[in-house]
Amino acid sequence: MGVEAHATNERVTGRKWTVRLDPVGRGRADVRVSCSRPACAAQVLPSAAAGRTAAIGHLKAHLRAGPAPRPSAQCACRAEECHTHIRPAGPRERPVPWRCGGAVVLAVVTDREGRWWQVMECCSRCAAAHPTAKVVATAPAAEAPARSDGFRADAAAPAPSGGTATPGGTATPGGPAATTPTFSAAGPHFSHSATATAAGTAVPQQVSAPRSDHRSDPRSARAPRRRPPRGRIAQRLVPHDLRPVALRDELTELGELFRAYQARTEPDLAMLADLHARKAEAFHAWADATADTGLRLDARRAEQAAATARLQHLHRIGQAPDGEGPAVARLLTAPAQWNHARSVLAHVAENAPLPGAEARLLVVMVTLRTAQSGVGNLVGQDIKGLPLSDPEQLVGQLVESGWLGISGTVEELIASRPENPTRITVPSLTPDEDDPGPFTFGRKLRPKLSGWAQRVVGEKKLRKGKTEADVRLLALALATGSDGEGRLGSGGQGIGLDTLSSWCAVDPGDLPALVDRLTAADWLAEADVTDTLLTGRLTERVLPLGCPLT
């Protein structure tokens, strides 16, 4: 006991360091590469690709310059009480207190997105517990303590001829057979292969003692039996001895299909739903074969993921799930688009340069024309089509305030036609190096949002009813403030009057009249205005214009 305690106390903690790739700031393309080792200074690269190249090069330099893994080192992740180790299969494989099992290795663990790389000096069982670990070097076998009879504990049986086979293949008299691993002169280096050759370590060769009868065994010429490659799915290794074999093959194939799907440039929700359904069925069978509760929970999560992906696919193609009514073919189809529409309205409410409902409506439409780059085109019909009492004066006020810039005069803008549009700029929306702008959507989504707003404020019955700017602002607010069934507010609880009055730039007391105008235009049904809330629902006619709350 005393010898074991002494050996354990002499163990040193395995080395461990991390190289990270982090963004410098929101909306910026440059990245920062940092290393947890004290002597390494962070560096900034112009792009993620350049940063990833520099990070890998920095890691390789450490692995080339650093020492090989030490056979007496304590497992690095074991020292942190890591709970992902592979446990021994039986009582004969009990590990020593400082290691799970296997030789000490130098392993590189990374995340799937390529944002960090961590080097650990740990045992081979711990490295195998990490799905992304790559072994780059293996330590030589630790020297075993001598026994009382003078023989080494790990020595092989003596050769019948009385000699010992040496690594060079010659026999020396008076000793047991031993095996000595050989190593290349180069230090450890980073590699995408976990083979011993890539790690700079030669595979030790056992030289067996000659047979006493000097007869050749034909079985000795046979190639060593190799286990079939193990599959991987959902960060789980598929056991090579899993039965039935069809289940093992199904799990392995599913893992490959999921990895292939992640490499796609465009999503296919129908395919993803089928993959999750197959995964759920396979995991249920796996759980039945192994009595693993965790596998059963993963199977249920896969069923939920399959149902969600299938529902999203149906919504995208405008079809209804089984047993439900016809799906709504919305103008904006995805939750991300609905959230971007709400972000534009919220930005205008907080940054409108002029008071009044008419100014607010014009600012909304101009913002949607210039949201992505701060620059856009306008023609006279775009402004004259809005319910503005004096469009020239209102545009002039926006220009005088500095919020809007136009190429020419206000009169030329009002008279411009589609074949000769007027160039406009909004300085507060123009991105620069320090400020990427208030919106994060791209160039393809901007015209969709602008077209959606034009459809709402220019809706046929609102236009024929000659509704004012405040009524159309209320229509925009209700279109973005209802749920999937058209009920106002989250869960149909209604929308606060203070919020609506602030957005429409009117007094709360004027809201009941605006609600009546929308009800008469067949926009609202079952509307009820209390002292604090507006409840009701959008009519079926205008549901395609809605942006449901998610």
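Described in the following lines is the structure provided in the data block. (Residues numbered from 1 in each chain as written. Predicted model: local features only at pLDDT ≥ 70, side-chain atom pairs only at ≥ 80, totals over all residues. Heavy atoms only, no water.)

Residue position: Arg-360 is located in helix H9 (residues 357-370). Arg-360 sits in the buried class, given a relative accessible area of 9%. Between the alpha carbons of Arg-360 and Ala-505 there is a distance of 7.6 Å; along the sequence they are 145 residues apart. Residues within four places of Arg-360 in sequence aside, it is in contact with Val-348, Ala-349, Ala-352, Leu-473, Ser-502, Trp-503 and Ala-505. (Helix = DSSP H or I, 4+ residues; strand = E, 2+ residues; numbered from the N terminus. Buried < 20%, exposed > 50% of the residue type's maximum accessible area, 1.4 Å probe, protein only. Contact = heavy atoms within 4.5 Å.)

Below, the discussion takes up the sheet that holds strand E13 (residues 375-378). The strands making up a sheet are joined through hydrogen bonds of the backbone, oriented either antiparallel or parallel. The strand order across the open sheet built from three strands is E13-E15-E14, with neighbouring strands paired in antiparallel fashion. What marks the edges here is a single partner per strand, and that holds for E13 and strand E14 (405-406). As paired strands, E13 and strand E15 (residues 422-425) are joined by four bridges and run antiparallel to one another. By the bridge assignment, Gly-376 is partnered in E15 with Ile-424. Against the sheet, H9 makes contact with E13 and E15, and its axis sits at roughly 120° relative to E13, the strand it touches most. (Pairing = 2+ DSSP bridges. Axes fitted to C-alpha atoms, helices over the stretch in contact; angles between N-to-C directions.)

Here we take up the packing of H9 against helix H15 (residues 469-479). For the pair H9 and H15, interaxial distance at closest approach is 8 Å and the crossing angle is 50°. The orientation of H9 relative to H15 falls into the category oblique. The chirality of how H9 crosses H15 is left-handed. Along its contact with H9, which presents Ala-357, Glu-358, Arg-360, Leu-361 and Val-364, the element H15 presents Ala-469, Asp-470, Leu-473 and Leu-476. (Parallel < 35°, antiparallel > 145°, perpendicular 65-115°, else oblique. Left-handed = near helix turned anticlockwise from the far one by under 90°.)

We now examine the pattern of salt bridges. Per the stated rule, a full pass over the model turns up 20 salt bridges. Of the charged contacts in the structure, one is a salt bridge between Arg-487 and Glu-485, with a shortest N-O distance of 3.8 Å. Assessed through its relative accessible area of 57%, Glu-485 is described here as exposed. Shared partners join several salt bridges into a network, and the residues in it are Glu-459, Lys-461, Asp-522 and Arg-541. (Salt bridge = Lys/Arg side-chain N within 4 Å of Asp/Glu carboxyl O.)

A separate point is empty space enclosed by the protein. As enumerated under the stated definition, the model contains one cavity of 30 Å³ or more in all. Quantified by volume, the largest cavity comes out at close to 50 Å³. When contributions to the lining of the largest cavity are tallied by element, the ones reaching two or more residues are H9 and helix H10 (380-384). The element best represented in the lining of the largest cavity is H9, accounting for four residues. Grouping the amino acids of the lining of the largest cavity by side-chain chemistry returns six nonpolar, one polar and two charged. (1 Å grid on protein atoms, 1.4 Å probe; cavity = no way out; pocket = protein on both sides within 12 Å on 5 of 7 lines; lining within 4 Å. Points joined across faces, edges and corners; volume = space filled by probe spheres on them. Nonpolar A, V, L, I, M, F, W, Y, C, P; charged D, E, K, R; others polar.)

What follows covers the packing of aromatic side chains. Counted under the stated rule, the structure contains two aromatic pairs. Measuring from centroid to centroid gives 5.5 Å for Phe-283 and Trp-286, while their planes differ by 80°, and the two rings are edge-to-face. On the criterion of helical spacing, the pair formed by Phe-283 and Trp-286 is a turn pair, its members being three residues apart in helix H6 (residues 269-290). Taking the relative accessible area as the measure of exposure, Phe-283 reaches 0% and is therefore buried. An angle of 20° between the planes, with centres 5.6 Å apart, marks the rings of Phe-439 and Phe-441 as stacked. (Phe/Tyr/Trp six-rings, centres within 6.5 Å; stacked < 30°, edge-to-face > 60°.)

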